[in-house]
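Letter by letter, the chains look like this.
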Amino acid sequence: MRLDIISIFPEYFAPLDVSLIGKARERGTLDVRVHQLRDWTHDVHKTVDDTPYGGGPGMVMKPEVWGEAIDAVIGDGAPRLVVPTPSGRPFTQELAQELAGEPWLLFACGRYEGIDSRVMAEYGDRLRVDEVSIGDYVLAGGEVAVLVMVEAVGRLLPGVLGNAQSAVDDSFAPGSMRNLVEGPVYTKPPVWRGHEVPAVLLSGHHGKVARWRRDEALRRTVRNRPDLAAELDPETLDKHDRKL
Ligand SMILES: OB(O)c1ccc2cc[nH]c2c1
């Protein structure tokens, strides 16, 4: 997968040199290219923003600069354009899985009050354009949101996770974990400061362990994410409700 990021703060993406994503880049699984938006300005101050039409606080990022930058990065290609914004569609594990299937992603990191909306309109005829929110809170710009999405997508690529099964058992993963969050996890020692690991996990009975883990996932989902629990089929929920 090729992954381009355009930002006025390229240094935000230094973390993409480490850990799983860094190793994926070394192996060639991920080809990450970070671009400084200001390289496509033409004034001495490298201006990327201006006052909003219609008035109001803050500044808006100029369409001309973004247009020159995106044109230069994509050439005749057609990556999927992902624009982080608090007003976008929710970023979910399902969308991460979908993006992991793309050969080329281009992330446009806005700042200030955002990017002039005509930029997304301009590329909407030629590219798949997704305006995406990572949650109901507002950051100072799109860079951290891109870090979140790149890690969530990158870990799903073949060979990136040491054990591919981890992604299958993830919270929210399609299939058996859909609309479920993971239950608690434990490792050695069996007793720590008087806290014992649940005996079933030491039993060696794989069927009982699997059942216990699913029960705990449901228990935690009902407790922490009633919104997801409401999406579970009633039969599943009922079976466990009697035990919760
Ligand atoms: O909270 B966010 O995900 C987000 C994304 C992009 C911009 C651009 C300016 N503020 C932003 C906030």
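Residues numbered from 1 in each chain as written. Predicted model: local features only at pLDDT ≥ 70, side-chain atom pairs only at ≥ 80, totals over all residues. Heavy atoms only, no water.

Caption draft 1: Inspection of the layout of surface pockets at higher detail. Looking at the largest pocket, its volume works out to about 560 Å³. As for the largest pocket, its lining consists of 23 residues, and the residues nearest its centre are Asp169, Pro184, Val185, Val209 and Arg213. At seven residues, helix H7 (residues 206-224) tops the list of elements feeding residues into the lining of the largest pocket. The residue makeup of the lining of the largest pocket, split by class, is 14 nonpolar, three polar and six charged. (1 Å grid on protein atoms, 1.4 Å probe; cavity = no way out; pocket = protein on both sides within 12 Å on 5 of 7 lines; lining within 4 Å. Points joined across faces, edges and corners; volume = space filled by probe spheres on them. Helix = DSSP H or I, 4+ residues; strand = E, 2+ residues; numbered from the N terminus. Nonpolar A, V, L, I, M, F, W, Y, C, P; charged D, E, K, R; others polar.)

Caption draft 2: Just the pattern of salt bridges, in detail. For the structure shown, the criterion picks out 17 salt bridges. Between Lys62 and Glu64 there is a salt bridge; the shortest N-O distance is 3.9 Å. Of the residues examined, Glu64 reaches a relative accessible area of 47% and is grouped as partly exposed. For Glu143, the salt bridge goes to Arg111, with nearest N and O atoms at 2.9 Å. Residue Glu143 is found in helix H5 (residues 143-154), and its partner Arg111 is found in the loop between strand S6 (104-108) and helix H4 (118-124); the two are separated by 32 residues along the sequence. Several salt bridges converge on common partners, so that one network encompasses Arg80, Arg89, Glu98, Glu102, Arg128 and Asp130. (Salt bridge = Lys/Arg side-chain N within 4 Å of Asp/Glu carboxyl O. Buried < 20%, exposed > 50% of the residue type's maximum accessible area, 1.4 Å probe, protein only.)

Caption draft 3: Geometry of the site of the ligand. Taken together, 13 residues surround the ligand, and among them Pro84, Gly110, Tyr112, Tyr137 and Leu139 come closest. One of the backbone nitrogen or oxygen atoms of Tyr137 is found 3.4 Å away from an oxygen atom of the ligand. Leu139 places a main-chain nitrogen or oxygen 2.8 Å from an oxygen atom of the ligand. When the free accessible area of the ligand is taken as 310 Å², the share hidden by the protein chains comes to 95%. For the shell around the ligand, the leading source of residues is strand S5 (residues 80-90), giving three residues. In the shell around the ligand, the residues fall into eight nonpolar, four polar and one charged. (Near = heavy atom within 4 Å. Polar contact = N/O pair within 3.5 Å; in protein donor to acceptor, adjacent residues only side chain to side chain. Areas by Shrake-Rupley, 256 points an atom, 1.4 Å probe, with all protein chains shown as cover.)

Caption draft 4: Representation of unusual backbone geometry in the model. Here the residue pair Lys188 and Pro189 is connected by a cis peptide bond, since its omega of 5° sits within 30 degrees of zero. Residue placement: Pro189 occurs in the loop between helix H6 (165-168) and strand S8 (191-192). Of note in the backbone geometry, Asn179 takes a positive phi value of approximately 65° without being a glycine. Locating Asn179 in the fold gives a position in the loop between H6 and S8.

Caption draft 5: Looking closely at the nonpolar core. Ranked by size, the top nonpolar core spans 32 residues in total, and within it Ile5, Phe91 and Phe107 carry the most contacts. The element that contributes the greatest number of residues to this core is H5, accounting for seven residues. Residues contacting Ile5, with those up to four places away along its chain left out, are Phe13, Leu16, Val32, Arg33, Val34, His35, Phe107, Cys109 and Val146. Counting residues in hydrophobic clusters, the runner-up holds 22 residues, among them Leu37, Ile70, Trp104 and Met120. (Core = buried A, V, L, I, M, F, W, Y, C linked by side-chain atoms within 4.5 Å. Contact = heavy atoms within 4.5 Å.)

Caption draft 6: Seen up close, H5. Here H5 spans 16 Å end to end across twelve residues, near enough to the 16 Å set by a 1.5 Å rise per residue. Most of H5 sits out of view: nine of its twelve residues are buried. (Expected span 1.5 Å × (residues − 1).)

Caption draft 7: Structural context of the environment of Gly101. Tracing the backbone through its elements, the reader meets Gly101 in the loop between helix H3 (93-100) and S6. Among the residues examined, Gly101 registers a relative accessible area of 62% and is labelled exposed. Measuring from C-alpha to C-alpha, the distance between Gly101 and Val153 comes to 9.0 Å, with 52 residues separating the pair along the chain.

Caption draft 8: The packing of aromatic side chains, seen in detail. By the definition in use, this model includes two aromatic pairs. Taking 6.4 Å as the distance between ring centres and 50° as the angle between the ring planes, the aromatic pair formed by Tyr186 and Trp212 counts as tilted. Taken together, the positions of Tyr186 in the loop between H6 and S8 and Trp212 in helix H7 put the pair 26 residues apart, joining distant regions of the chain. A residue is classified by how much of its surface remains accessible, and Trp212, at 17% relative accessible area, is buried. (Phe/Tyr/Trp six-rings, centres within 6.5 Å; stacked < 30°, edge-to-face > 60°.)

Caption draft 9: Spatial organisation of the sheet that holds strand S1 (residues 2-7). Pairing is parallel in the open sheet, where five strands are placed in the order S2-S1-S6-S5-S7. In this open sheet, the two edge strands, each paired with only one partner strand, are strand S2 (31-36) and strand S7 (129-133). Neighbour-to-neighbour, the strand axes of the sheet open up by a mean angle of 30°, direction not taken into account. Along the sheet face, H3 touches S5, S6 and S7 and points at about 170° away from the line of S5. (Pairing = 2+ DSSP bridges. Axes fitted to C-alpha atoms, helices over the stretch in contact; angles between N-to-C directions.)

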